[in-house]
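Structure assessment
Each chain, written out:
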Protein chains: 2
Amino acid sequence: MNNESNPSNFKVDKNQDNTLSGQTTIALREAIVTGKIKPGEKLNEPKLAEQYQVSRGPLREAIRRLVSMGLVEHIPHVGASVIPLELNRIIELYEVREALEGMAAGLAATHMNEQEIADLKKLLVIHRQHCENNAGEYMQTEGDFDFHYLIIKSSRNALLTQQLCNELYHLIRMYRFQTSRFKTRSNRALIEHEQLIYAIENRDPALAELLMRRHISRAKESIKSYLSTEDSN
Amino acid sequence: MNNESNPSNFKVDKNQDNTLSGQTTIALREAIVTGKIKPGEKLNEPKLAEQYQVSRGPLREAIRRLVSMGLVEHIPHVGASVIPLELNRIIELYEVREALEGMAAGLAATHMNEQEIADLKKLLVIHRQHCENNAGEYMQTEGDFDFHYLIIKSSRNALLTQQLCNELYHLIRMYRFQTSRFKTRSNRALIEHEQLIYAIENRDPALAELLMRRHISRAKESIKSYLSTEDSN
DNA sequence: CGCCACTTTATTGTCAACAATTAAGCTAAA
DNA sequence: TTTAGCTTAATTGTTGACAATAAAGTGGCG
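Model, not experiment: these values are computed from the prediction.

**Let's talk about the overall build of chain A**
Broken down by element type, chain A carries nine helices and three strands. Each helix (α) and strand (β) of chain A, taken in turn from the N terminus, gives the series α-β-α-α-β-β-α-α-α-α-α-α. By residue count, 48% of the 233 residues in chain A fall in the buried class. Of the contacts made within chain A by residues no fewer than 6 positions apart, 79% connect residues no fewer than 24 positions apart.

**Some words on the domain arrangement of chain A**
All names here are of chain A. Domain assignment breaks chain A into domain 1 (20-82) and domain 2 (87-232). Domain 1 and domain 2 are separated by 28 Å when their C-alpha centres are compared. Residue-level contacts link 13 residues of domain 1 with nine residues of domain 2. Where domain 1 abuts domain 2, roughly 960 Å² becomes buried across the two surfaces, and 55% of that area is made up of carbon and sulfur atoms. In terms of surface lost to domain 2, no three residues of domain 1 exceed Val33, Met69 and Leu71, which account for 45% of the buried area on that side. For the interface between domain 1 and domain 2, the tally reads two salt bridges. In this structure, the salt-bridge partner of Arg173 is Glu30, at a minimum N-O distance of 2.7 Å.

**Describing the sheet that holds strand 3 (residues 79-82) of chain B**
The antiparallel open sheet is built from three strands, whose spatial order is 1-3-2 (chain B). Of all the strands in the sheet, just strand 1 (42-43) and strand 2 (72-75) of chain B have a single pairing partner and so form its edges.

**Quick notes on helix 8 (residues 186-201) of chain B**
Residue and element names in this part refer to chain B. With 16 residues, helix 8 should cover 22 Å at 1.5 Å per step; its first-to-last C-alpha distance of 22 Å lies within 8% of that length. Restricting attention to buried positions, one finds in helix 8 the residues Ser186, Ala189, Leu190, Glu192, His193, Leu196, Ile197, Ala199 and Ile200. Phi turns positive, to about 55 degrees, at Arg203, one or two residues after helix 8.

**Overview of the protein's contact with DNA strand D**
Surrounding DNA strand D, one finds 21 residues, the nearest of these being A:Leu20, A:Ser55, B:Asn44, B:Arg56 and B:Arg60. Backbone polar atom of A:Ser55 to a phosphate oxygen of DNA strand D: 3.0 Å apart, as the coordinates give it. One of the side-chain nitrogen or oxygen atoms of B:Arg60 is found 2.7 Å away from a phosphate oxygen of DNA strand D. Those elements that provide at least two residues to the surface near DNA strand D are helix 1 (20-33) and helix 3 (56-68) of chain A together with strand 1, helix 2 (45-52) and helix 3 (56-68) of chain B. Tallying contributions element by element places helix 3 of chain B first for the surface near DNA strand D, with three residues. Looking at the surface near DNA strand D residue by residue, the classes come out as seven nonpolar, nine polar and five charged.

**Things to note about the relation of the copies chain B and chain A**
In the superposition of chain B on chain A (RMSD 0.0 Å, axial shift 0.0 Å), the rotation amounts to 180 degrees. On the angle and the small slide along the axis, the relation comes out as a two-fold axis. For chain B, the minimum C-alpha distance to the rotation axis belongs to B:Ala99 and amounts to 2.6 Å. Looking at the interface residues of chain B, 97% of them are also at the interface in chain A, so both copies use one shared face.

**Notes on the protein's contact with DNA strand C**
Around DNA strand C sit 20 residues in total, of which A:Asn44, A:Arg56, A:Arg60, B:Leu20 and B:Ser55 are the nearest. At 3.0 Å, a side-chain N or O of A:Asn44 approaches a phosphate oxygen of DNA strand C. In this structure, A:Glu45 approaches DNA strand C through a main-chain N or O atom, which is 3.4 Å from a phosphate oxygen. Those elements that provide at least two residues to the surface near DNA strand C are strand 1 (42-43), helix 2 (45-52) and helix 3 of chain A together with helix 1 (20-33) of chain B. Top contributing element to the surface near DNA strand C by residue count: helix 3 of chain A, with three residues. Here the residues of the surface near DNA strand C are counted per class, giving seven nonpolar, eight polar and five charged.

**A look at the interface of chain B and chain A**
Listed per partner, the contact involves 29 residues of chain B and 29 residues of chain A. When chain B packs against chain A, close to 2600 Å² is buried across both sides, 59% of that on carbon and sulfur atoms. Considering only the surface of chain B that becomes buried against chain A, B:Glu92, B:Met103 and B:Leu159 emerge as the three largest contributors, covering 19% of it. The tally of links between chain B and chain A comes to six salt bridges.

**Concerning the environment of A:Ala206**
By the secondary structure assignment, A:Ala206 is in helix 9 (residues 205-229). Spatially, the C-alpha atoms of A:Ala206 and A:Gly40 are 40 Å apart, while their sequence positions differ by 166 residues.

**As for the packing of helix 4 (residues 87-111) of chain A against helix 7 (residues 158-178) of chain A**
Residue and element names in this part refer to chain A. Axis separation between helix 4 and helix 7 bottoms out at 11 Å; the angle between their running directions is 140 degrees. Relative to helix 7, helix 4 is oriented so that their crossing is left-handed. Contacts between helix 4 and helix 7 pair Arg89, Ile90, Leu93, Val96, Arg97, Leu100, Glu101, Met103, Ala104 and Leu107 from the former with Leu160, Leu164, Leu168, Leu171, Ile172, Tyr175 and Arg176 from the latter. The residue inventory of the contact of helix 4 with helix 7, partitioned by class, reads 13 nonpolar, no polar and four charged.

**Some remarks on the pattern of salt bridges**
All told, the structure shown has 41 salt bridges over all chains when counted by the stated rule. Across the salt bridge formed by A:Asp119 and A:Lys122, the nearest N and O atoms sit 3.7 Å from each other. Separated by three residues within a single helix, A:Asp119 and A:Lys122 lie in helix 5 (residues 114-133), roughly one turn from each other. Using a relative accessible area of 53% as the deciding quantity, one classes A:Lys122 as exposed. Each of A:Glu45, A:Arg56, A:Arg60, A:Arg64, B:Glu61 and B:Arg65 takes part in one network of salt bridges that share partners.

**Quick look at the nonpolar core**
A:Leu100, A:Ile151, A:Ile200, B:Leu100, B:Ile151, B:Leu196 and B:Ile200 are the most contacted members of the largest nonpolar core, which has 125 residues in total. The residues touching A:Ile200, leaving out its near neighbours within four places in the chain, are A:Ala108, A:Ala109, A:Met112, A:Ile117, A:Leu120, A:Ile151 and A:Ala208.

**What to know about the packing of aromatic side chains**
Aromatic ring pairs are reported here in terms of the distance separating the ring centres and the angle at which the planes meet. Residues and elements named next belong to chain A. Taken as a whole and judged by the stated rule, the model has two aromatic pairs over all chains. Judged by centre distance (5.8 Å) and plane angle (70 degrees), the rings of Tyr149 and Tyr169 are edge-to-face. With a gap of 20 residues between them, Tyr149 in helix 6 (residues 141-153) and Tyr169 in helix 7 connect regions that are remote in the sequence. A relative accessible area of 33% means that Tyr149 is categorised as partly exposed.

Parameters and conventions
- Residues numbered from 1 in each chain as written.
- Chains lettered and ligands numbered in written order.
- Predicted model: local features only at pLDDT ≥ 70, side-chain atom pairs only at ≥ 80, totals over all residues.
- Heavy atoms only, no water.
- Helix = DSSP H or I, 4+ residues; strand = E, 2+ residues; numbered from the N terminus.
- Buried < 20%, exposed > 50% of the residue type's maximum accessible area, 1.4 Å probe, protein only.
- Contact = heavy atoms within 4.5 Å.
- Domains from an automatic or database assignment.
- Buried area = accessible area lost by both parts, 1.4 Å probe.
- Salt bridge = Lys/Arg side-chain N within 4 Å of Asp/Glu carboxyl O.
- Pairing = 2+ DSSP bridges.
- Expected span 1.5 Å × (residues − 1).
- Near = heavy atom within 4 Å.
- Polar contact = N/O pair within 3.5 Å; in protein donor to acceptor, adjacent residues only side chain to side chain.
- Nonpolar A, V, L, I, M, F, W, Y, C, P; charged D, E, K, R; others polar.
- Least-squares fit on C-alpha atoms with pLDDT ≥ 70 in both.
- Axes fitted to C-alpha atoms, helices over the stretch in contact; angles between N-to-C directions.
- Left-handed = near helix turned anticlockwise from the far one by under 90°.
- Core = buried A, V, L, I, M, F, W, Y, C linked by side-chain atoms within 4.5 Å.
- Phe/Tyr/Trp six-rings, centres within 6.5 Å; stacked < 30°, edge-to-face > 60°.

See the structure below:
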């Protein structure tokens, strides 16, 4: 089997989740992150099973995985529901990010190799061009993710990477998606990224950690000031 | 119902998990933490279902929860197994702890009330007596846990608390249990705890964070020097 | 008219059988 | 003897039905 013109073993990746529960997890996750299923909404098992064309078994498993990602809350004998969108939860997430990504930046400054630094700089160039063309308006979206993603992976700490890139990542995405109506000026973010790379290049873990923490803390304060003025339900 | 001489609503706690999958999770978790199921060992579903007297459904759910706690690894179509006991994994865990508990200590210094500080001091008195009586030999076990637990809870950050006290907590316990043959001198830990309380009392978040991080970092270095000399499988 | 208890309904938790996939064992050919 | 391919066994993934629990609806009583 599997000899049908596939010389480079592409997509025969182990660890890939062909299972129904795995695919359902991804589908449900995206529906929640993009707001198709709204914050606070109840997750009805028979209805969702019908909707995603799976039986309740795999669906329940998918829901449990989303619970472990922090996207969903579950009460025994009552059911699961998407977490509500509350300001203090967002702040809590940013505090956790500040701690973890700060640590990651420090470790990255120690362990990053030349290739990874070059990749990081490439991202920065794209970011800079974007700022100049669009007068520093939006950006963020995926570009900022990639930047943080790369640094986290370079920390060489598998647990840290897993916590940030598999568990908390989608929670971050969800909050960002839901609050994307606030356009963040990315000139400042650009400058902060530049300083961070400088610290990493100079193998200065303490400075890298400090700058990353400040970077995230500022983003937190920004969101706080935006949302506290609204009557945030 | 429920009027049968239970005035204080004791144990009628919602959120309590009466379900089979919940109980199985706890049973399996303890078996892994205490080494009854050894690191690296495969988790055979039919065998464990028979052993714990449940069907495979709840058992699978329990296994998935342990995966989210980091105690178990799972590969699709192959199965789940207890994570192996490797030095670099332990170090990674201590780095994550350093970041998260450091943040928790800083937040605790801001938010802790007088009652909580008093409780913390009570723990310290017990710890000190223990040190004097037993010439500062072992301790740790549960006393140290309580100390950290109280500080984390006082951070008033639900996400942080959940990450540390529900997810990573049992992974810490497991590693500690497996490496408990190394008696840690707790005189130093006692002094570090005293300094930490001092910082919290004085509402000095920066110092509290620094001291907590140093406290955990030292524990990490201690374990590292112990295990690197052995031929750690 | 409002409140309490009971009945009904809907939803979650659990089970045992079936399907699909992987790993192990075996035979046969080089 | 080793290795490739096939066959068999064991294990995981999935399903639909059944049981237990909680929520919603209903009727009667104060």
